[in-house]
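Results of the structural survey
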Amino acid sequence: MPSHPPVRLAVIGAGTISQSVHLPAVQRLGALFETAVVCDLSPSRAAAVAARCGVGVRATHSYESVLADDTVDAVLLATPGTHAQAARAALEAGKHVLAEKPLCLTVAEAEELGALAEARGLVLQVGYMKMYDPLTEVAAAELAELDTPRTVRVTVLHPADEPQVEHLRLAPPTDDADLSVIAESLAYEDARTLDALGEVPAELGRYYRDVLNGSVIHELSVLRALGFTLPTTFGSAQLWPWPVEGEPPCLLATAPLGDGAQLVLNWNWLPDHPEYGEEIAVLARDGRLRLDMAAPYLVDVRSTLRVERAEGALRRDTTARHGYDTGFVRQLEEFAAAVHGEAPVRSGAAGAAEDVRCLQALVAALAARAGVTVGGEAAKGAAA
């Protein structure tokens, strides 16, 4: 039997990620969590999703009412875009926070939120589920045994959303959401992008918000979990085709990772590809490692790891040896343990700040290639 009462959780945002993985994972960990509230800007969607969660789960479209609810211990922020405003409000209301990425768009926000959580004695955890994948920890241990990594290659195949979520058969979008709240959130993101980068072309600002902070940031969290220090400068960076109206360009960037290793980061927009793919490959003097991360929106699909040694020994590691729970489940387990004071937070605000610094350095390299000068935090980071 668990030694603590379940964490009473409010799920904020009842969209694809909540319905596909977060709520099923919470239900799987029923001894650790009690879903108290489902909150969504659409009252009808909040009611429908809450009803599927079971008897007694309340539905609301008011985040303020959730924060004022003494029966809620923690919030899981799964709304689109950045989560700095919602996380700040929750911490100020005395709630623990598990926030989907990106936590924020500026280093200043990350530092502010980290300090606020520490001052209030609250947990602030960022939803970098790939850090919690069972095989990420195994891969980190294997890497520690390899001699002198030379190349770290990260390759992402990113399809359009439709093929990734088709299996969920979600109800069509509703039209009863409060659009003014969405407009305010977008205005906030525009302002923080200006703080981060200064006056840059609108296409580059959108790429920073939507692709780098929306997708590539996951790869940075995995690199940190594997023991690498994120680069603060990039040797080369390019986008192609650029610009294309309505489609994000592909990305290829290189950067030093320290100790002689080089990062090759390749993000590919492949809208007609049937599946998401993500590979982290490390080439070392005496062997190589390949970690293929599980696709999102699938609660039971597992990652795979292959390690080869130069002396000829070949090992294959699968999740059968390391449990069947995915990173989504593991991050919730650690969140509950952190709330009860039984474990530190692995993916906190300090890590989010590192990721933001790295992405700003990447934008500075992209801007320089286009003959554009960045400002804001990115310029300060380049000058440091």
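This structure is a prediction, so every number in the text was calculated from the model and none was measured.

Some remarks on the overall build of the protein
Helix and strand content of the protein: twelve helices and 14 strands. Taken against the 2.2 N^0.38 rule, which gives 21 Å for 384 residues, the C-alpha radius of gyration of the protein at 21 Å falls within 12% of a compact globule. Along the longest, intermediate and shortest principal axes, the C-alpha atoms of the protein span 55 × 50 × 45 Å. Put simply, the protein has 384 residues, and 52% of those count as buried. With the model as given, the accessible surface of the protein reaches about 17000 Å², and the carbon-plus-sulfur share is 53%. If the 31 positive side-chain charges of the protein are averaged to one point and the 51 negative ones to another, these points end up 6 Å apart.

Quick word on the packing of aromatic side chains
Centre-to-centre distance and the angle between the planes together describe a pair of aromatic rings. Using the criterion set out here, one finds three aromatic pairs in the structure. Centroid distance Phe33 to Phe335: 6.5 Å. Interplanar angle 5°. Geometry classified as stacked. Taken together, the residues Phe33 in strand E2 (residues 33-39) and Phe335 in helix H10 (residues 327-339) connect sequence positions 302 residues apart. Taken individually, Phe33 and Phe335 each receive the classification buried, so the pair is uniform in this respect. Between Tyr207 and Trp267 the ring centres are 6.5 Å apart and the planes differ by 90°, which places this aromatic pair in the edge-to-face class. Here Tyr207 is found in helix H9 (residues 202-225), whereas its partner Trp267 is found in strand E10 (residues 261-269), with 60 residues between them in sequence.

Considerations on the environment of Pro271
In this structure, Pro271 sits in the loop between E10 and strand E11 (277-284). Sequence separation between Pro271 and Pro102 is 169 residues; the distance between their C-alpha atoms is 22 Å. Residues contacting Pro271, with those up to four places away along its chain left out, are His158, Pro159, Ala160, Pro163 and Glu247.

Focus: the nonpolar core
Ranked by size, the top nonpolar core spans 96 residues in total, and within it Val75, Leu103 and Leu251 carry the most contacts. Broken down by element, this core gets its largest block of residues, 13 residues, from helix H11 (residues 349-369). Ignoring anything within four residues of it in the chain, the contact list for Val75 reads Leu9, Ala10, Ile12, Tyr63, Val66, Ala90, His96, Val97 and Leu98.

Observations regarding helix H6 (residues 134-145)
Along H6, the residues that are buried comprise Pro134, Leu135, Thr136, Val138, Ala139, Ala140, Glu142 and Leu143. A side-chain oxygen of the first residue of H6 lies 2.9 Å from the backbone nitrogen of Leu135; this N-cap is Asp133.

Comments concerning a nonpolar patch on the surface
Residues Leu179, Ile182 and Leu186 make up a contiguous nonpolar surface patch of about 290 Å² in total accessible area. As for its position among the elements, Leu186 is in helix H8 (residues 179-197).

So, the packing of H8 against H9
Contact geometry of H8 with H9 gives a least axis separation of 10 Å together with a crossing angle of 105°. By the criterion of interaxial angle, the relationship of H8 to H9 is roughly perpendicular. Along its contact with H8, which presents Glu189, Asp190, Thr193, Ala196 and Leu197, the element H9 presents Gly205, Tyr208 and Arg209.

With respect to H8
Since the α-helix turns once every 3.6 residues, residues separated by three or four places project in the same direction. Taking 1.5 Å of rise per residue, 19 residues should cover 27 Å, and H8 covers 27 Å from first to last C-alpha, within 8% of that figure. Along H8, the residues that are buried comprise Tyr188, Glu189, Arg192, Thr193, Ala196 and Leu197. Looking straight down H8, one finds its buried side chains confined to an arc of 145°; they lie on one side. Those residues of H8 that are buried are in contact with helix H4 (84-92), helix H5 (107-120), H9, H11 and helix H12 (376-383).

A short note on the sheet that holds strand E3 (residues 58-60)
Strand order in the open sheet made by the six strands is E3-E2-E1-E4-E5-E6, with parallel pairing throughout. Each having just a single partner strand, E3 and strand E6 (124-127) make up the two edges of the open sheet. Averaged over all pairs of adjacent strands, the angle between their axes in this sheet comes to 25°, without regard to strand direction. Two strands pair when backbone bridges link them, and strand E1 (residues 7-12) and strand E4 (residues 74-77) are joined in this way by four bridges, in the parallel orientation. Directly across from Ile12, in E4, lies its bridge partner Leu77.

Focus: the pattern of salt bridges
One pass over the full model with this rule turns up 19 salt bridges. Note that Asp147 and Arg285 form a salt bridge whose closest N and O atoms lie 3.9 Å from each other. Taken as a pair, Asp147 in the loop between H6 and strand E7 (149-158) and Arg285 in the loop between E11 and strand E12 (287-292) lie far apart in primary sequence, 138 residues in all. Put simply, Arg224 and Asp355 hold a salt bridge, and the shortest N to O gap is 2.9 Å. One end of the pair, Arg224, is in helix H9; the other, Asp355, is in helix H11, and 131 residues separate them in sequence. As far as burial versus exposure is concerned, Arg224 and Asp355 are alike and both buried.

Calculation notes
- Residues numbered from 1 in each chain as written.
- Predicted model: local features only at pLDDT ≥ 70, side-chain atom pairs only at ≥ 80, totals over all residues.
- Heavy atoms only, no water.
- Helix = DSSP H or I, 4+ residues; strand = E, 2+ residues; numbered from the N terminus.
- Rg over C-alpha atoms; globule rule 2.2 N^0.38 Å.
- Buried < 20%, exposed > 50% of the residue type's maximum accessible area, 1.4 Å probe, protein only.
- Areas by Shrake-Rupley, 256 points an atom, 1.4 Å probe, with all protein chains shown as cover.
- Lys, Arg positive; Asp, Glu negative; His and termini not counted.
- Charge placed at Lys NZ, Arg CZ, Asp CG, Glu CD.
- Phe/Tyr/Trp six-rings, centres within 6.5 Å; stacked < 30°, edge-to-face > 60°.
- Contact = heavy atoms within 4.5 Å.
- Core = buried A, V, L, I, M, F, W, Y, C linked by side-chain atoms within 4.5 Å.
- Polar contact = N/O pair within 3.5 Å; in protein donor to acceptor, adjacent residues only side chain to side chain.
- Patch = residues over 30% accessible without salt bridge, like charges linked within 9 Å, V, L, I, M, F, W, Y side chains within 5 Å.
- Salt bridge = Lys/Arg side-chain N within 4 Å of Asp/Glu carboxyl O.
- Axes fitted to C-alpha atoms, helices over the stretch in contact; angles between N-to-C directions.
- Parallel < 35°, antiparallel > 145°, perpendicular 65-115°, else oblique.
- Expected span 1.5 Å × (residues − 1).
- Arc of directions from axis to C-beta.
- Pairing = 2+ DSSP bridges.

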